[in-house]
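One-letter residues, chain by chain:
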Amino acid sequence: MNIYNKGTILAFQKKYPETKKALSLWYHDIKAKHWKSPNEVKKDFATASVLKGGRVVFNIMGNKYRLVAEINYKKGWLFIKFIGTHQSYDRIDANTVNQF
């Protein structure tokens, strides 16, 4: 998958340095994927939550952090819409958030 806003990951890692390893692994895992459907995402990330509109919520560091992404399966791109602590995730609507 092509990830179009890697800068959001880098900025978040600066703010929360403990996420550097986990988000770097997530990034490299995603870059190697070529998903064609939400079912393929679930196959690779069993704890991910598939939402409407191509959105997926990924659990980072055992669900301490959450990442909301929008995936265009036809074009093969992923756009990060939100990264935050679980507490900050609880205050947003993952179906509509557009933090970045």
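I will try to describe carefully the structure that is included in this document. As the structure is a prediction and not an experimental result, all values here were calculated from the model.

Some remarks on the sheet that holds strand S5 (residues 77-85)
At step 1: Reading across from one edge, S1-S5-S4-S3-S2 is the order of the five strands in this open sheet, with mixed pairing throughout. Where the open sheet ends on each side, the last strands, each with one partner, are strand S1 (2-3) and strand S2 (49-50).
At step 2: Inspection of the sheet shows S2 paired to strand S3 (residues 55-60) by two bridges, in the antiparallel sense. Bridging across to S3, Ser-49 finds its partner in Val-57.
At step 3: Those strands touched by helix H1 (residues 6-15) are S1, strand S4 (65-72) and S5, and its axis lies near 20° from that of S5.

Some points on the nonpolar core
At step 1: By size, the foremost hydrophobic cluster in this structure holds 23 residues, and its most contacted members are Trp-26, Ile-30, Trp-35, Phe-58, Leu-67 and Leu-78.
At step 2: When contributions to this core are tallied by element, the ones reaching two or more residues are H1, helix H2 (20-31), S3, S4 and S5.
At step 3: The residues contacting Trp-26, other than those within four sequence positions of it, are Ile-3, Ile-9, Phe-45, Phe-58, Ile-60, Leu-67, Leu-78 and Ile-80.
At step 4: Core analysis: the second largest hydrophobic core is formed by six residues, Val-57, Val-68, Phe-82 and Val-97 among them.

Some thoughts on the pairing of S4
At step 1: Taking burial as the measure, the eight residues of S4 include six buried ones, the bulk of the element.
At step 2: In this sheet, S4 lies alongside S3 in antiparallel orientation, the contact comprising six bridges. Within S4, the position partnered with Val-56 by the bridge is Ala-69.
At step 3: Adjacent in sequence and paired antiparallel, S3 and S4 are bridged by four residues, among which Met-61 carries a positive phi angle near 55°.
At step 4: Pairing of S4 with S5, which is carried by eight bridges, proceeds in the antiparallel orientation. Paired with Arg-66 across the two strands is Gly-84, which belongs to S5.

A word on the environment of His-34
At step 1: Mapped onto the fold, His-34 is located in the loop between H2 and helix H3 (38-44).
At step 2: Contact partners of His-34, with chain neighbours within four places excluded, come to Met-1 and Glu-40.

Brief notes about the packing of aromatic side chains
At step 1: Scanning the entire structure with this criterion turns up nine aromatic pairs.
At step 2: An angle of 85° between the planes, with centres 5.8 Å apart, marks the rings of Phe-12 and Tyr-65 as edge-to-face. Taken together, the positions of Phe-12 in helix H1 and Tyr-65 in strand S4 put the pair 53 residues apart, joining distant regions of the chain. The same class applies to Phe-12 and to Tyr-65, which are both buried.
At step 3: Taking 5.4 Å as the distance between ring centres and 70° as the angle between the ring planes, the aromatic pair formed by Trp-26 and Phe-58 counts as edge-to-face.

Cut-off values and rules
Residues numbered from 1 in each chain as written. Predicted model: local features only at pLDDT ≥ 70, side-chain atom pairs only at ≥ 80, totals over all residues. Heavy atoms only, no water. Pairing = 2+ DSSP bridges. Helix = DSSP H or I, 4+ residues; strand = E, 2+ residues; numbered from the N terminus. Contact = heavy atoms within 4.5 Å. Axes fitted to C-alpha atoms, helices over the stretch in contact; angles between N-to-C directions. Core = buried A, V, L, I, M, F, W, Y, C linked by side-chain atoms within 4.5 Å. Buried < 20%, exposed > 50% of the residue type's maximum accessible area, 1.4 Å probe, protein only. Phe/Tyr/Trp six-rings, centres within 6.5 Å; stacked < 30°, edge-to-face > 60°.

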